[in-house]
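# Observations on chain architecture
Listed below, chain by chain, are the residues.
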Amino acid sequence: MELNNTVSIASVEATDPLVVLKQVNKFYGEHHVLRDINTVVNRGEIVALIGPSGAGKSTLCRAINRLETISSGEIYVDGVALPEEGRALASLRADVGMVFQSFNLFAHKTVLENVALGPVMVRRMSKGEANKVAMEHLERVGVANQADKLPAQLSGGQQQRVAIARALAMNPKVMLFDEPTSALDPEMVSEVLDVMRALAQSGMTMIVVTHEMGFAREAADRIVFMADGQVVEESPPAEFFTEAKTTRARDFLQKILAR
Amino acid sequence: MQVLLDNLDLFVLGFTNTVVIFAISAVFSLILGCVVGILRISPSTPMRAVGTVYVNTLRNTPLALLMMFFALGYPKMGLPSLDYTTLAIIALVLYTASYVAEVFRSGINSINRGQTEAARAIGLTFTQVLRVVLIPQAFRNVMPPLVSVFIALLKNTTVASGFSVMQAGAIAANMSERGENLLVTLLWVALFFFILVMVLAAVQRAFERKWAV
């Protein structure tokens, strides 16, 4: 293997850009958590964000629907620059699905209400119509039989699948996954990853922060490897997992694959 | 007991007025307190600043001073003249609302941040997040401290006695004019307050049972 630490990162070809990040920087006080991030996610593309913890993956993912603000730079979703806090931002967020590490289902609402809430309150659907949409998505993720339960009565894997259904019910342009399996017991990881694989095959644009290398390798079109707030390497998974260009990425892979 | 029976008119009048002043003040301080509480957690910086200034000013002012301002200062301001009872209620509402606002804010803050993030991520606006996700969940947490604030309000109504408002706190003064034993009178007043507070505590328990998880 050729040892070359000074490879330049080939910029991604923007054939049909949906999410565009330009010179994105973020500071937490003195701490520089995102450094000059430039990347594009095309429509229908599956991008896996991987890297050691503290690399800024989650921060970057959350910046795309402005749950995290950025210090400088620009982020565009489907050609629109992220607006300031307010109605315009709310309507943009409605088009960007998000799945959290800790599920974050609304604790006081049933599974069905959780999924139907967005369609009713944001998409202005009638309750009947929204419930129908919600049931379709619950069936799609395989938890339709739990529709009338409260989130606390479900297993972690079921809760996360409900959370995916809740995001999908908004008919989003892109789905963000922020470590969707990291809070799950090991035996429940695969049921969530299966749903995500099916979603990927349906043509959904996905940005996935994950430590599941198997998933990243099979399902992703591109790996974005981050470390210390920077994008260190971007390449197709076949290339990344067999011949990573940077020592940083090779070190990371060695550690994580040795387990 | 004789003291009570001989002066039942004063006791009835005093405590009726106390309950009325309390009820009106409670309703309005709840409304104003919620508004100020929402300002305190608003995403807009100027609105947050308004809420913070309100709470810091009103909460840091002794109630007696505030009452004095309304009893003595307000009539000289050339505004529509109001009777002392109304002025006392206004002072109580402004004062109590600052405490209600803080109870409301801490109740909202007690809800896991993820609930807000998930709600915002599906495109709900700030007011929708409050109404649909946060307030229904915060309600249960807020009940005990809110009842404490209202118990304090009930007792604070007596401060109005210094400004010629006839209520429970003024019973003793009137009784001593009638030549009754002051100590016995005060004990009776205290007992009635104790009973009123017990009623509030019972209301709290009933609410907590109803919203038990």
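Going by the structure above, here's the rest.
Let me begin by describing the structure that accompanies this report.

Conventions and cut-offs
Residues numbered from 1 in each chain as written. Chains lettered and ligands numbered in written order. Predicted model: local features only at pLDDT ≥ 70, side-chain atom pairs only at ≥ 80, totals over all residues. Heavy atoms only, no water. Helix = DSSP H or I, 4+ residues; strand = E, 2+ residues; numbered from the N terminus. Rg over C-alpha atoms; globule rule 2.2 N^0.38 Å. Buried < 20%, exposed > 50% of the residue type's maximum accessible area, 1.4 Å probe, protein only. Contact = heavy atoms within 4.5 Å. Areas by Shrake-Rupley, 256 points an atom, 1.4 Å probe, with all protein chains shown as cover. Lys, Arg positive; Asp, Glu negative; His and termini not counted. Charge placed at Lys NZ, Arg CZ, Asp CG, Glu CD. Pairing = 2+ DSSP bridges. Axes fitted to C-alpha atoms, helices over the stretch in contact; angles between N-to-C directions. Patch = residues over 30% accessible without salt bridge, like charges linked within 9 Å, V, L, I, M, F, W, Y side chains within 5 Å. Salt bridge = Lys/Arg side-chain N within 4 Å of Asp/Glu carboxyl O. Phe/Tyr/Trp six-rings, centres within 6.5 Å; stacked < 30°, edge-to-face > 60°. 1 Å grid on protein atoms, 1.4 Å probe; cavity = no way out; pocket = protein on both sides within 12 Å on 5 of 7 lines; lining within 4 Å. Points joined across faces, edges and corners; volume = space filled by probe spheres on them. Nonpolar A, V, L, I, M, F, W, Y, C, P; charged D, E, K, R; others polar.

## Some words on the overall build of chain A
Of the regular secondary structure elements, chain A holds nine helices and ten strands. Relative to a compact globule of 259 residues, whose C-alpha radius of gyration would be 18 Å, chain A shows 18 Å and is just as compact. With the C-alpha coordinates of chain A rotated into their principal frame, the extents come out at 60 × 40 × 35 Å. Per-residue burial over chain A gives 55% buried out of 259 residues. Considering only contacts within chain A whose residues lie at least 6 apart along the sequence, 67% involve residues at least 24 apart. If you sum the accessible surface of chain A, you get close to 11,500 Å²; carbon and sulfur atoms cover 48% of it. Distance between charge centres in chain A, computed from 27 positive and 32 negative side chains, equals 5 Å.

## Brief notes about the sheet that holds strand β8 (residues 205-209) of chain A
All names here are of chain A. The strand order β6-β7-β8-β3-β9-β10 describes an open sheet built from six strands, whose pairing is mixed. In this open sheet, the two strands that pair with only one neighbour each are β6 (96-99) and β10 (230-235). Neighbour to neighbour, the strand axes of the sheet diverge by 15° on average, direction disregarded.

## Focus on a nonpolar patch on the surface
All names here are of chain B. A contiguous nonpolar patch, built from Phe139, Leu191, Phe194, Ile195, Met198, Val199, Val203 and Phe207 and spanning about 700 Å² of accessible area, is present on the exposed surface. In terms of residue count, helix α9 (residues 182-210) provides more of the nonpolar patch than any other element does, seven residues in total. Here Met198 is to be found in helix α9.

## Notes on the packing of aromatic side chains
As enumerated under the stated definition, the model contains ten aromatic pairs over all chains in all. Between the aromatic rings of Phe225 of chain A and Phe252 of chain A, the centroid separation amounts to 5.3 Å while the plane-to-plane angle is 50°, which identifies the pairing as tilted. With Phe225 of chain A in strand β9 (residues 222-227) and Phe252 of chain A in helix α9 (residues 247-257), this pair connects stretches of sequence that are 27 residues apart. Of the two residues, Phe225 of chain A and Phe252 of chain A, neither departs from the other in class, the shared state being buried. Pairing Phe15 of chain B with Phe192 of chain B gives two aromatic rings, centres 5.2 Å apart and planes at 50°, and the pair type is tilted. Highlighted residues: Phe15 of chain B in helix α2 (residues 8-41) and Phe192 of chain B in helix α9, separated in sequence by 177 residues.

## Examining the sheet that holds strand β5 (residues 80-81) of chain A
Residues and elements named next belong to chain A. One open sheet holds the four strands; their spatial order is β2-β1-β4-β5, and the pairing between them is antiparallel. Sheet topology places β2 (31-42) and β5 at the edges, where each strand pairs with a single neighbour. Pairing geometry for strand β1 (residues 17-28) and β2, over eight bridges, is antiparallel. Its bridge partner being in β2, Pro17 is matched across the sheet by Asn42.

## Re the layout of surface pockets
Of the pockets and cavities examined, the largest pocket occupies roughly 590 Å³. For the largest pocket, the lining is made up of 21 residues, of which Ile41, Pro43, Arg113, Thr116 and Arg120 of chain B are closest to its centre. Those elements that place two or more of their residues in the lining of the largest pocket are α5 (84-109), α6 (113-121) and α7 (126-156) of chain B. For the lining of the largest pocket, the residue count by class is nine nonpolar, four polar and eight charged. Of the pockets and cavities examined, the second largest pocket occupies roughly 470 Å³. Lining the second largest pocket are 20 residues, and of these Ala107 and His108 of chain A together with Gln115, Gln137 and Arg140 of chain B sit closest to its centre. Among the elements that take part in the lining of the second largest pocket, α7 of chain B stands out by supplying five residues, more than any other. Of the residues contributing to the lining of the second largest pocket, the split by class is eleven nonpolar, eight polar and one charged.

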